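# What the coordinates show
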Amino acid sequence: AQRVTQPEKLLSVFKGAPVELKCNYSYSGSPELFWYVQYSRQRLQLLLRHISRESIKGFTADLNKGETSFHLKKPFAQEEDSAMYYCALRGTDKLIFGTGTRLQVFP
Amino acid sequence: GAVVSQHPSWVICKSGTSVKIECRSLDFQATTMFWYRQFPKQSLMLMATSNEGSKATYEQGVEKDKFLINHASLTLSTLTVTSAHPEDSSFYICSAREWRTSGVGQFFGPGTRLTVL
């Protein structure tokens, strides 16, 4: 079965502090992992995916198959990073989401 | 970029009536569309997956006779909530996958807020 776990519902940091949003997954095969972001009153949008190994808006995420994790990191948080972040997994055809973590960045 | 629209953006209906929600891919062809449901401050729960021209595949626990899905063309899918009840009140989000980049190109609509009185 596909499962995505985001243990933190809320993460609050001050501007300039490092951020790590945790994501663990369960899947027997080789999954595709994604991070989606939803800013206030906006639709869900793709932030990054593990295949591309890219950095978007300063965020990076590394797939650790040994720990079945795909944590999202940013060294210096900005106020505009405040949003809901969802980790997602695609195993077969469908995209399954974690419960999400709300990131609050205070000035 | 690829755009997915939903109509209506919000709807209020009486208990027992049916409500249809449309999902369109505006500038690409979507071989597969997904319908999600999101309760307040909760995650997106996949309801069903539909491929153009075939029957939708529903997730466990989702009543297919209550949530009718039609994917008649590569740019349109509809979700009809039949005999709606207050517990069906929720935020419904569709997502469309572009056929050429099926591994990556999954785009989300803005959602439809359904309130059943």
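Placed above this text is the structure.
What comes next concerns the included structure. A quick note: this is a predicted structure, and the numbers were derived from the prediction, not measured.

To continue, consider the packing of aromatic side chains. In total, this model carries 11 aromatic pairs over all chains according to the counting rule given. Pairwise contacts between aromatic rings join Phe 34, Tyr 36, Tyr 86 and Phe 97 of chain A together with Tyr 36 and Phe 108 of chain B into one cluster.

All names here are of chain B. Tracing the backbone shows Thr 112 in strand 11 (residues 112-116). Engagement of the side chain of Thr 112 in a polar contact is seen with the side chain of Gln 6, the distance being 3.1 Å. The residues touching Thr 112, leaving out its near neighbours within four places in the chain, are Gln 6, Pro 8, Ser 9, Trp 10, Val 11, Ile 21, Ser 90, Phe 91 and Tyr 92.

Counting residues at the interface gives 17 residues for chain A, matched by 20 residues for chain B. Taking both partners together, chain A and chain B bury about 1500 Å²; carbon and sulfur atoms supply 48% of that area. Joining chain A to chain B, the criterion identifies one salt bridge. For Glu 59 of chain B, the salt bridge goes to Lys 94 of chain A, with nearest N and O atoms at 2.9 Å. At the junction of chain A with chain B, the criterion picks out seven residue pairs in polar contact (both at pLDDT 80 or more). Sorting elements by how many residues they give to the side of chain A that touches chain B places strand 5 (residues 32-38) of chain A first, with four residues. Counted by class, the side of chain A that touches chain B contains eight nonpolar, three polar and six charged residues.

For the rest of this paragraph, the subject is the state of the cysteines. Inspection of the entire model under this criterion finds two disulfides over all chains. One disulfide in the model links Cys 23 of chain A with Cys 87 of chain A; its S-S distance is 2.0 Å. Handedness of the Cys 23 of chain A-Cys 87 of chain A disulfide follows from its S-S torsion of about -65 degrees: it is left-handed. Placement of the pair is Cys 23 of chain A in the loop between strand 3 (19-21) and strand 4 (24-26) and Cys 87 of chain A in strand 9 (residues 83-90), with a sequence separation of 64 residues. Grouping residues by exposure puts Cys 23 of chain A and Cys 87 of chain A together as buried. Covalently, Cys 23 of chain B is tied to Cys 94 of chain B through a disulfide, its sulfur atoms 1.9 Å apart. Of note, the bridge from Cys 23 of chain B to Cys 94 of chain B carries an S-S torsion of about 75 degrees and is right-handed in sense.

This part takes up the pattern of salt bridges. Residue and element names in this part refer to chain A. Per the counting criterion, the structure on display carries seven salt bridges over all chains. Taking the shortest distance from any N to any O, the salt bridge between Glu 20 and Lys 22 comes out at 3.0 Å. Residues Lys 74 and Asp 81 are paired through a salt bridge, measuring 2.8 Å at the closest nitrogen-oxygen approach. Assessed through its relative accessible area of 10%, Lys 74 is described here as buried. On the basis of relative accessible area, Asp 81 is assigned to the buried category, the value being 2%. Through salt bridges with shared partners, one network takes in Glu 20, Lys 22 and Lys 73.

Residues and elements named next belong to chain B. Within the open sheet, the four strands sit side by side as 1-3-8-7. Their pairing is antiparallel. Either end of the sheet is taken by a strand with one partner, and the two such strands are strand 1 (4-7) and strand 7 (67-73). Strand after strand, the sheet turns through a mean of 15 degrees between neighbouring axes, direction not considered.

Looking now at the nonpolar core. All names here are of chain A. Formed by 24 residues in total, the largest nonpolar core has its most connected members in Trp 35, Leu 47, Leu 48, Phe 70, Leu 72 and Tyr 85. Those elements that place two or more of their residues in this core are strand 2 (10-14), strand 3, strand 5, strand 6 (45-49), strand 9 and strand 11 (101-106). No other element matches strand 9, which puts four residues into this core.

Quick notes on the rules
- Residues numbered from 1 in each chain as written.
- Chains lettered and ligands numbered in written order.
- Predicted model: local features only at pLDDT ≥ 70, side-chain atom pairs only at ≥ 80, totals over all residues.
- Heavy atoms only, no water.
- Phe/Tyr/Trp six-rings, centres within 6.5 Å; stacked < 30°, edge-to-face > 60°.
- Helix = DSSP H or I, 4+ residues; strand = E, 2+ residues; numbered from the N terminus.
- Polar contact = N/O pair within 3.5 Å; in protein donor to acceptor, adjacent residues only side chain to side chain.
- Contact = heavy atoms within 4.5 Å.
- Buried area = accessible area lost by both parts, 1.4 Å probe.
- Salt bridge = Lys/Arg side-chain N within 4 Å of Asp/Glu carboxyl O.
- Nonpolar A, V, L, I, M, F, W, Y, C, P; charged D, E, K, R; others polar.
- Disulfide = S-S within 2.5 Å.
- Buried < 20%, exposed > 50% of the residue type's maximum accessible area, 1.4 Å probe, protein only.
- Pairing = 2+ DSSP bridges.
- Axes fitted to C-alpha atoms, helices over the stretch in contact; angles between N-to-C directions.
- Core = buried A, V, L, I, M, F, W, Y, C linked by side-chain atoms within 4.5 Å.

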